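Spelled out, the chains give:
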Amino acid sequence: MILLSGIQPTGRLHIGNYLGAIQNWPEFQKKYTSLFCIVDYHAITVYQDPKRLKQNIYEAAALLFAAGIDQKKSIVFVQSHISAHTELAWILNCIMPMGWLERMTQFKDKSQKQGKERVGVGLFDYPALMASDILLYNVDVVPVGEDQKQHVELTRDIAGRFNKLYGKTFKLPKAIIPETGARIMGLDDPDKKMSKSEKTYGHAIYLLDSPDDIRKKIMSATTDSLRSIRFDKKRPGIYNLLTLYERFSGDSRKDIEKRFQGKGYAKFKQELADIIIEGLRPLQNKYKELTANKNDIDTLIRQGADKARPMAEKTLRLVKTKMGLL
Ligand code: ATP
Ligand code: LTN
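Residues numbered from 1 in each chain as written. Chains lettered and ligands numbered in written order. Predicted model: local features only at pLDDT ≥ 70, side-chain atom pairs only at ≥ 80, totals over all residues. Heavy atoms only, no water.

Q: How should I be thinking about the environment of I177 in this particular structure?
A: Among the secondary structure elements, I177 is positioned in the loop between β5 (174-176) and α10 (211-219). The partly exposed category is assigned to I177, whose relative accessible area is 30%. When residues no more than four places from it in sequence are discounted, the contact partners of I177 are V144, G145, E146 and K149. (Helix = DSSP H or I, 4+ residues; strand = E, 2+ residues; numbered from the N terminus. Buried < 20%, exposed > 50% of the residue type's maximum accessible area, 1.4 Å probe, protein only. Contact = heavy atoms within 4.5 Å.)

Q: Any chance you could explain helix α7 (residues 105-114) here in plain terms?
A: One full turn of an α-helix is made of 3.6 residues, so residues set three or four places apart face in the same direction. Restricting attention to buried positions, one finds in α7 the residues Q106, F107 and S111. Around the axis of α7, the buried residues are gathered within 110° of arc, so they sit on the same side. Facing away from the buried surface of α7 by more than 90 degrees, the exposed residues are Q112 and K113. The elements touched by buried residues of α7 are α6 (98-102), α8 (121-135) and α9 (149-166). Following α7 by one or two positions, G115 has its phi on the positive side, about 90°. (Arc of directions from axis to C-beta.)

Q: When you look at the packing of aromatic side chains in this model, what are you seeing that I'm missing?
A: Both the distance between ring centres and the angle between the ring planes are used here to describe each pair of aromatic rings. With the rule as written, the count across this model stands at 10 aromatic pairs. Ring geometry for F260 versus F268: centroids 5.0 Å apart, planes at 75°, classification edge-to-face. The exposure class assigned to F260 is buried, which follows from its relative accessible area of 1%. Judged by its relative accessible area of 0%, F268 is buried. Connected via pairs of aromatic rings, a cluster forms that spans F162, Y166 and F170. (Phe/Tyr/Trp six-rings, centres within 6.5 Å; stacked < 30°, edge-to-face > 60°.)

Q: Mind showing me how you'd approach the packing of helix α11 (residues 236-249) against helix α13 (residues 265-291) here?
A: Any two packed helices are characterised by how steeply their axes cross, that is the angle between the axes, and by the distance between the axes. The contact between α11 and α13 brings their axes to 10 Å, and the two run at 40°. In terms of their interaxial angle, α11 and α13 are classed as oblique. Note on packing geometry: the crossing formed by α11 with α13 is left-handed. For the pair α11 and α13, contact is made by I238, L241, L242, L244, Y245, F248 and S249 and by Y265, F268, K269, E271, L272, I275, I276, G279 and L280, respectively. Along the lines of polarity and charge, the residues of the contact of α11 with α13 split into 12 nonpolar, two polar and two charged. (Axes fitted to C-alpha atoms, helices over the stretch in contact; angles between N-to-C directions. Parallel < 35°, antiparallel > 145°, perpendicular 65-115°, else oblique. Left-handed = near helix turned anticlockwise from the far one by under 90°. Nonpolar A, V, L, I, M, F, W, Y, C, P; charged D, E, K, R; others polar.)

Spelled out as structure tokens, the structure:
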């Protein structure tokens, strides 16, 4: 069974990305032939500062390795290193009905924010490239957050359409959504999901934040004027912080509520900052070790591309043959 997931180097990775995705990925290596793709061509569907983009790609790769993904067991690679991704995306474009893409909620949301005169065609076409990422590797399962489920379904649909037109070529992949799919919300605004693209200081805890920054951000996180510390979804600020406590401590909700019964927010926040700082320390140490010599990450990324490329090219050749391309 083959598994593939992707992460966009659109910013610095935060604890939402960690708890919602990366933390689960090392486990997958035991069960699946796993590919993890840093999707830089998806990232540039919105403007990225070139220097930052480069840093973000390196940082994302190093953090995946630091989190326990092993290049000997899995394949970690950068999307733009394998030209088959954009080639297959073009081919899929030609059989992709506009209406299918128009129905994608991510596009609707993002294009509404930017306006039709500013939004790039790449953002509209984003799901075709994502379908290409998946279909090139005969993938069975695609772990993604709830928001990406629609794109995986579209991938199945376009694969089905290709198979009908040109004969069975692609496997139909399935999305897997993490059970503990807790969405981590912004610390400064618990009604919005924690996002890499949000740049306010107190919004996100980045995986490489210093203990000082982590503490400052937690201490100033939005709560409410009530006192009790309980898992109550109607109180999004404290609920979000409690979820973080739950995920970083591994304790049950009941135990957590009991521990903080009658205690104030300040005490709770101090302890939450402590466990996040401790929780991220091993990852941060590993990251430092891995990046002591910058060439090491470069080498690992190249190795990933060298392993993925023949797999992708084989599929692309098959697709071209089926279509009558020479
Ligand atoms: P952006 O913030 O740039 O819009 P993103 O962080 O949502 O992007 P990706 O980089 O593609 O998007 O996300 C990588 C993975 O992290 C996805 O599987 C996504 O579901 C997960 N993820 C992102 N934000 C959160 C969050 N706040 N809580 C839980 N999981 C998240
Ligand atoms: N769109 C995804 C990132 C992504 C992806 C993929 C995920 C690009 N290609 C292929 C799984 C499989 C996101 O925004 N999380």
